[in-house]
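# Residue-level structure breakdown
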Amino acid sequence: TPFFWQTKAREYQRDVLFPIWWYKRSGSGDNEKYSNTVFPLYWSYKGHGDEYKILFPLIWKFKNPIYSSFTFFPLYSEGISFDSTSNHVMRTPLFWHFQDHDNITNIFFPFWWNIKTGTGKDLSNTNFIFPLFWHYKDRLYESEALFPIYWYHKDPSYTSKSILPFYSSRCSTDSTHSHLM
């Protein structure tokens, strides 16, 4: 029929049932790779250390020499690098966790974000609780706010604190400039 084609050779095969199914295999041993598509729902590929399987739109599975992940959209996703330096976790669309080398991000969407980058003296930490609270701190700077009444900021040149509308102070590190209300 004009809708089915098949090609075969010693290390090659291609089958097509147009427009629904495509299959291709080539190579042998460690060089073997194949792809399979049942349009528009299923895609798969395996070869050269990579493996992908997708059952659209629900299941996504990826594996390569660096990272492996599985997703059941939109409720669950988990992945990890083979050297365990990076990973991610997602539970429901609300909770997300990402980690790579020296960075960690946790999100409980849309209310809470916690982002840590670096380690030791280079550590910075951000916490945000929507819409009321924000805090950032690294080795040189610190800022904190409880909207709309409290604000605190400290950096190498000055420190400032405000509790609106009752109190506000700012003082330079060398104490040459300051105000108090």
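Attention here is on the structure that accompanies the text. Everything quoted here is computed from the prediction, not taken from an experiment. (Residues numbered from 1 in each chain as written. Predicted model: local features only at pLDDT ≥ 70, side-chain atom pairs only at ≥ 80, totals over all residues. Heavy atoms only, no water.)

## With respect to the overall build of the protein chain
Of regular secondary structure, the protein chain possesses zero helices and 20 strands. Its C-alpha atoms give the protein chain a radius of gyration of 27 Å, more than 25% over the compact-globule value 16 Å for 181 residues. Taking the principal axes of the C-alpha coordinates as reference, the protein chain spans close to 85 × 30 × 25 Å. Within the protein chain, buried positions represent 24% of all 181 residues. Looking at the protein chain alone, contacts between residues at least 24 apart form 0% of all its contacts between residues at least 6 apart. The averaged location of the 16 negative side-chain charges in the protein chain is 6 Å from the averaged location of its 18 positive side-chain charges. (Helix = DSSP H or I, 4+ residues; strand = E, 2+ residues; numbered from the N terminus. Rg over C-alpha atoms; globule rule 2.2 N^0.38 Å. Buried < 20%, exposed > 50% of the residue type's maximum accessible area, 1.4 Å probe, protein only. Contact = heavy atoms within 4.5 Å. Lys, Arg positive; Asp, Glu negative; His and termini not counted. Charge placed at Lys NZ, Arg CZ, Asp CG, Glu CD.)

## Some points on the pairing of strand β6 (residues 50-55)
Where strand β5 (residues 42-47) meets β6, six bridges bridge the pair, whose relative direction is antiparallel. Counted as the bridge partner of Gly47 is Asp50 from β6. In textbook terms, the turn of a hairpin is the stretch between consecutive antiparallel strands, and for β5 and β6 this stretch comprises two residues, one of which, His48, has a positive phi near 55 degrees. Strand direction decides the pairing type here: β6 and strand β7 (residues 59-63), joined by five bridges, are antiparallel. Bridging from a neighbouring strand, Glu51 pairs with Lys63 of β7. (Pairing = 2+ DSSP bridges.)

## A closer look at the environment of Met90
Take Met90: it is sitting in strand β10 (residues 86-91). You can call Met90 buried: its relative accessible area is 13%. For the pair Met90 and Phe73, spaced 17 residues apart in the sequence, the C-alpha separation amounts to 9.7 Å. In contact with Met90, other than residues within four places in its own chain, are Pro74, Leu75, Tyr76, Ser77, Phe95 and Trp96.

## Re the packing of aromatic side chains
Given two aromatic rings, one states the distance between the centres and the angle between the planes to describe the pair. On inspection of all chains with the given rule, the structure shows 15 aromatic pairs. Ring plane angle 80 degrees and centroid distance 6.0 Å describe the contact between Trp43 and Phe56, whose orientation is recorded as edge-to-face. With Trp43 in strand β5 and Phe56 in the loop between β6 and β7, the pair connects residues that are 13 residues apart, well separated along the chain. Ring centres of Trp96 and Phe109 lie 5.7 Å apart, and the angle between their planes is 20 degrees; this geometry places the pair in the stacked category. (Phe/Tyr/Trp six-rings, centres within 6.5 Å; stacked < 30°, edge-to-face > 60°.)

## Describing the side chain of Asn127
In this structure, Asn127 sits in strand β14 (residues 124-129). A distance of 3.4 Å separates a polar atom in the side chain of Asn127 from a polar atom in the side chain of Trp112. A polar contact of 2.8 Å, which involves the side chain of Asn127, links it to the side chain of Asn114. (Polar contact = N/O pair within 3.5 Å; in protein donor to acceptor, adjacent residues only side chain to side chain.)

## Regarding unusual backbone geometry
Here the amide bond leading from Phe56 into Pro57 is cis, since omega sits at 0 degrees, within 30 degrees of zero. By the element assignment, Pro57 lies in the loop between β6 and β7. Of note, the bond from Leu164 into Pro165 is cis; its omega dihedral lies within 30 degrees of zero at -5 degrees. One can find Pro165 in the loop between β18 (158-163) and β19 (167-172). The phi dihedral of His48 is positive, around 55 degrees, even though this residue is not glycine. Position of His48 relative to the elements: it lies in the loop between β5 and β6.

## Brief notes about the environment of Ser86
Assignment of secondary structure puts Ser86 in strand β10. When the C-alpha positions of Ser86 and Tyr67 are compared, they lie 8.2 Å apart, and in sequence the two are 19 residues distant. Setting aside residues no more than four positions away along its own chain, Ser86 makes contact with Tyr67, Gly79, Ile80, Ser81, Gln99, Asp100 and His101.

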